[in-house]
Each structure stands twice: as C-alpha cells, then as structure tokens.
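Summary of the model geometry
Each chain is listed here by its residues.
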Amino acid sequence: MDTVEHLVIGAGVTGLTFADWVDSDDTLVCEALPEIGGYCRTIHKEGFTWDFSGHFFHFKHPDIEKYLVDRMDDQVVRTIVKQSQVHYKGNLVDFPFQKNIHQLPHEEFLECLVDLFEKEDREPDNFRDMLYVKFGRGIAEKFLIPYNEKLYATDLAQLDVDAMGRFFPYANVEDIVRNFRKADNQSYNSTFTYPEGGAIQYVQAIAKGVRPEQIALNERVLSIDLERKVARTNTREIQYKTIVSTTPFGKLLQMANVPHDPAVYTYNKVLVFNLGFDRKGPEGLHWIYYPDRDLCFYRLGFYDNIFGTDRMSMYVELGYPADAPINAEIVEERKAQVLLDLKKAGIVTDHQLVADHSVLLDPAYVHITQQSLQDVEAKKALLKEHDVYSIGRYGSWTYCSIEDNIVEARALADMLGASPTEDSP
Ligand SMILES: Cc1cc2nc3c(=O)[nH]c(=O)nc-3n(C[C@H](O)[C@H](O)[C@H](O)COP(=O)(O)OP(=O)(O)OC[C@H]3O[C@@H](n4cnc5c(N)ncnc54)[C@H](O)[C@@H]3O)c2cc1C
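Keep in mind that what you see is a predicted model, and the values were worked out from it rather than measured. (Residues numbered from 1 in each chain as written. Predicted model: local features only at pLDDT ≥ 70, side-chain atom pairs only at ≥ 80, totals over all residues.)

Some thoughts on the overall build of the chain
- In terms of regular secondary structure, the chain is built from 11 helices and 18 strands.
- Once the C-alpha set of the chain is aligned to its principal axes, its extents read approximately 70 × 50 × 45 Å.
- Counting across all 425 residues of the chain, residues that qualify as buried make up 43%.
- Taking contacts inside the chain between residues at least 6 apart in sequence as the whole, the part at least 24 apart equals 72%. (Helix = DSSP H or I, 4+ residues; strand = E, 2+ residues; numbered from the N terminus. Buried ≥ 20, exposed ≤ 12 C-beta atoms within 10 Å, placed from the backbone. Contact = placed C-beta atoms within 7 Å.)

What about the packing of helix H3 (residues 106-117) against helix H4 (residues 127-152)?
- Two elements in contact, H3 and H4, have axes separated by 5 Å at closest approach and are oriented at 135 degrees. One finds that H3 runs oblique with respect to H4. Counting all contacts with H3, which are made through Glu-108, Glu-111, Cys-112, Asp-115 and Leu-116, the residues of H4 involved are Phe-135, Gly-136, Arg-137, Gly-138, Ile-139 and Lys-142.
- For the contact of H3 with H4, the per-class residue count stands at 4 nonpolar, 2 polar and 5 charged. (Axes fitted to C-alpha atoms, helices over the stretch in contact; angles between N-to-C directions. Parallel < 35°, antiparallel > 145°, perpendicular 65-115°, else oblique. Nonpolar A, V, L, I, M, F, W, Y, C, P; charged D, E, K, R; others polar.)

Overview of the site of the ligand
- Close contacts around the ligand come from 32 residues, with Gly-10, Gly-12, Gly-38, Thr-247 and Gly-392 the closest.
- Looking at the shell around the ligand, the elements with two or more residues in it are helix H1 (13-21) and helix H11 (402-415).
- With 3 residues, the top contributor of residues to the shell around the ligand is H1.
- Broken down by class, the residue content of the shell around the ligand amounts to 16 nonpolar, 13 polar and 3 charged. (Near = placed C-beta within 6 Å.)

Quick look at the environment of Arg-128
- Position of Arg-128 among the secondary structure elements: in helix H4.
- The exposure class assigned to Arg-128 is buried, which follows from the 21 C-beta atoms found within 10 Å.
- For the pair formed by Arg-128 and Lys-335, sequence separation is 207 residues and the distance between their alpha carbons is 30 Å.
- Beyond its immediate sequence surroundings of up to four residues, Arg-128 is in contact with Ile-145, Leu-156 and Ala-157.

Here we look at the packing of H1 against helix H6 (residues 200-207)
- Close contact between H1 and H6 brings their axes to 8 Å; oriented N to C, the two are set at 25 degrees. What the angle tells us is that H1 and H6 run roughly parallel. As H1 packs across H6, the resulting crossing turns out to be left-handed. Along the contact surface, H1 presents Val-13, Leu-16, Thr-17 and Asp-20, while H6 presents Val-203, Ile-206 and Ala-207. (Left-handed = near helix turned anticlockwise from the far one by under 90°.)

Points about the domain arrangement of the chain
- On domain assignment, one finds that the chain holds domain 1 (2-76 + 196-262 + 369-415), domain 2 (84-181) and domain 3 (268-361).
- Domain 1 and domain 3 are separated by 29 Å when their C-alpha centres are compared.
- At the interface, 11 residues of domain 1 touch 16 residues of domain 3.
- Those elements that provide at least two residues to the side of domain 1 that touches domain 3 are strand S3 (42-45) and strand S4 (48-51).
- Considering every element that reaches the side of domain 1 that touches domain 3, the biggest residue donor is S4, with 3 residues.
- Here the side of domain 1 that touches domain 3 is composed, by residue class, of 5 nonpolar, 3 polar and 3 charged. (Domains from an automatic or database assignment.)

Digging into the nonpolar core
- One finds Leu-7, Leu-16, Phe-18, Val-29, Ile-139, Val-203 and Ile-243 to be the most contacted residues of the largest nonpolar core, which totals 115 residues.
- With 10 residues, the top contributor of residues to this core is H4. (Core = buried A, V, L, I, M, F, W, Y, C linked by C-beta atoms within 7 Å.)

A word on the sheet that holds strand S7 (residues 91-94)
- Read from one edge to the other, the open sheet built from 7 strands follows the order S7-S6-S14-S15-S16-S13-S17, with strand pairing classed as mixed. Among the strands making up the open sheet, the edge pair consists of S7 and strand S17 (353-361). On average, each strand axis in the sheet is tilted by 25 degrees relative to the strand beside it, whichever way the strands run.
- On the sheet, H4 packs against strand S6 (84-88), strand S13 (268-277), strand S14 (287-289) and strand S16 (313-321) and is oriented at approximately 85 degrees with respect to S16.
- Against the sheet, helix H9 (residues 328-344) touches S13, S16 and S17, its axis set at about 125 degrees to S17. (Pairing = 2+ DSSP bridges.)

With respect to H11
- The end-to-end C-alpha distance of H11, which contains 14 residues, comes to 20 Å, matching closely the 20 Å that a straight helix rising 1.5 Å per residue would cover.
- Restricting attention to buried positions, one finds in H11 the residues Ile-402, Asn-405, Ile-406, Glu-408, Ala-409, Arg-410, Leu-412 and Ala-413.
- Packing partners of the buried residues in H11 comprise H1, helix H2 (62-69), strand S12 (237-245) and strand S18 (388-390). (Expected span 1.5 Å × (residues − 1).)

Comments concerning the environment of Tyr-152
- When you line up the elements, Tyr-152 lands in helix H4.
- Once you skip the residues sitting within four places of it in the chain, Tyr-152 turns out to touch Leu-159, Asn-268, Gly-319, Tyr-365 and His-367.

Considerations on the pairing of S13
- Within S13, 9 of the 10 residues are buried, which leaves the element mostly enclosed by the surrounding structure.
- Note: S13 against S16, 9 bridges, orientation antiparallel. Paired with Phe-273 across the bridge in S16 is Val-316.
- Where S13 and S17 come together, 8 bridges link them in antiparallel fashion. Paired with Phe-273 across the strands is Ser-358, a residue of S17.

Details of the confidence of the model for the chain
- Averaged over the chain, the pLDDT score is 94; the fraction of residues at 70 or greater is 98%.
- Confidence drops under pLDDT 50 across residues 419-425; counting only partners more than four residues distant or on other chains, this segment forms 5 contacts. (pLDDT = per-residue confidence, 0-100.)

A few points about the environment of Thr-154
- Tracing the chain through its elements places Thr-154 in the loop between H4 and helix H5 (173-181).
- C-alpha of Thr-154 to C-alpha of Tyr-267: the two residues are 113 residues apart in sequence and 8.6 Å apart in space.
- Non-local contacts of Thr-154, meaning those with residues more than four positions away in its chain, are made with Asn-268, Pro-321 and His-367.

This is the structure in structure tokens:
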C-alpha cells in the first residue's frame, strides 16, 4: 500500500496552496478531474477567454498577491476599478442599490427613504429579516430580497443573519444619505485584478511550488477509514498521517462514515453561460445585477470591458435549488431563454452569437444557517481527532474569496509544521 504524510483531496486553489506551503515533500494531492484548478479553471474558445463565471481577484494581503504574480513570468495582470450597476425596471442604478436609492424615480426614492427611517429597531432573526430590519421595506422588497432569492434559490428566512459575512454591502442611514451628495460605493472588491490568461493563471502560479508527481489527476478519493488511516481511491489504497480535504463538507462526512444529517448541508447550484458575440455591447461596465423576476439570470458580466476588446464577451449566471434537474436538454432550453432575456434587457440587439460554453457549479453558494455553523464546527473537531482537516470554500462550508482560501490553507500548513520556502515573502 502507498503511504504519504499528507493526503490532500482536491487540486483547487485551497488544496494546491496547502501542498505548496507545507514543509513536507511527502504530500500527495488527489484530484478527481483530469486537470487542476477546481472552480478557478479557464476556457479559451474562438479568441474568447472565460472562467467558471466571473472569478476576479481582490487581495487584502499584498504579500500574497506579490508571491503569486512573481511566479507568473510574462503574464499581464490587469488592475480594474470596478463599475457595477443594478438593472431596475429598465434603468441602471449604481451598485450597491441601498446607497443609490436617490437614482430611482422620485416616488420610489421617497418610498425607500421613508421606509429606511421607519425600519424597526430590533435584532433580526434571519437573513431575510435582517434585510428588512437594516434597510426598511422599500429597499428590501425592490432589490435585496428578489435579487438574493434569485441567487440563493431558497427562502431567505432559512439563512443565518450573517450568511454573506463581509461580502454583504452593509450601509447605515448616514452612509446612505451622505451618498446622495457624494458617491462612495466602495466595497471589498472595488478594485480587482485579472490576468490576461484568465483565473487559471493564479492556480498555475500556486502549482509551481508543487512537483507534478505530487498531483494525481483522475484520482477520486472514495472513502476514508478513520481508524486505520487509509483512504481508498478509484485506483488504490493510501495510508496517510493526515488528510487535508477540500471536497464539500457533507461529502467528506459521507466518505468518512461520520453520522450526520444531510439536510443541514443545503446549497444552490449556479448554471453559467459564457457567451461571445461578433461585436461590442455596453461599454465600461463590468457586471450588472438583475432583481427582475421575469428575467432568468441574476447577474451578468463583461470580460471585454476588462480586457478592452471589441467583441462582447459575457458570463451569465442563473441560480437553482440543489435538487433542480439540469441535463443537456435543459441547458439548451435555458440558453435559448438567456438569449431572449438578454434582448429583453437591452444587452443584445442585432449581435450574432459566435461562441458559447456552459458549466454547472454544483455546489455554488452554500446555505449558511445556525445549524450548519454549529454542525461544521462540531464535526470538524471530531475529524481533527483523527487528523482529518477540512478547509476551503466547500470544505469549510462557507462564503469566502480565493484569497481567504489561500490564507486558510497556509495557516493549516503552518500549523502542521511548515517552514517558509526560499521564495516565500
Ligand atoms: C459563482 C461563483 C463566483 C465566484 N467568484 C469569485 C470571485 O470573483 N473571486 C473570488 O475570490 N472567489 C470567487 N468565488 C469563490 C471561489 O470559486 C472559491 O473560493 C475557490 O474556487 C474555492 O477553491 P477550493 O480549492 O476550496 O475548492 P474547489 O475550487 O471546489 O476545488 C476543489 C477540488 O477538489 C476536487 N475534488 C472534490 N472531491 C474530490 C474527491 N473526492 N477526490 C478528489 N478530488 C476531489 C474537485 O474536483 C476540485 O478540483 C466564486 C464562487 C462562485 C460559486
């Protein structure tokens, strides 16, 4: 039987970062798919560069950004000041909606403003309730609720108050009123970076620190025997000292035979269409949010306005419940609906579609609830007693950015005994 010190499940950003950072040559990354990258993979088609929906990079740690860019050789990484808007009843309003209600028609502006001042002064019970308590009925019902219902594809009352963490654009009454005069729409991703070769460039930069023979492609971990410390894959059994898993947390519990309630781990799926057209669309904008219930997508974005190219190149995102059946026939039907809705929304006029691609992100956004938070914490503690660590967006069953994944994976590598390598910052 093969033996390794650290067995990593998944060659996405998180798993590769761990393998790059840990101070052990005896690390093996098993990746179920034939290629590395997880959700940060890139597609090149007919001169268009697309990801698995927009995957843009925002760094709070300049040392991490430098570490990655220094490994990219001659790759050009663009730095972009974000321009994003909300499509509301046929017009565009600056994002975040809640800070730009003064751009609404007069009556609707007054409605939002009065409701903002008349909102209840109490602690919210859940995510949906939080939207009413923090912003009042007008803002909640015109944008925040319909938009997030389309995205999460669930009853928002099921979600924890803080389900989106730092990614939710909070604003108090003073911020909102001040914004009427002097726009300040800063958010965590006000400036983002994006390599000309797509998101995969960052993954390849991380993977430079991992020897090719340390990555086993097409090797899916199927089960884990916690007592014997043996993992079974589709090709062999592997004796390990520790496991670092990035597979979705519920799946890990299943693989390791840990009794749990699968109903705790709910999530949505996102169907992404990447579309390339023969000529330019709207200029200057990077993405648009769509709360309208009669348009099938909740958000779309423009790669051509990031790259400065002259053919409209878009990603379009549609949210579904986890149990929605999505097969090839449904994908074709949805594509036809997307093209119709793009016309309805005024994005496509007489453009010709010249290339397209679709991918289903399953899971995409996990449903963070009080129950999921408590269960993840308790089950992670139990797994740790068996030297199994679960990290990453799906391994930690959370809402986070790629940089958060890097920080989390490095911290675990440090804890398990890393000493920085020569080219570490
Ligand atoms: C719609 C959407 C948009 C996003 N946009 C952004 C953005 O703009 N900026 C940003 O910072 N973040 C963004 N994110 C988040 C980002 O995608 C994730 O944080 C990041 O990709 C997670 O990396 P990971 O390695 O933890 O997981 P993954 O990318 O899911 O990688 C896990 C890997 O494990 C493999 N695997 C799973 N199970 C097994 C098994 N049993 N055996 C072997 N291999 C296995 C999978 O095949 C996969 O390759 C977005 C996410 C979504 C859903």
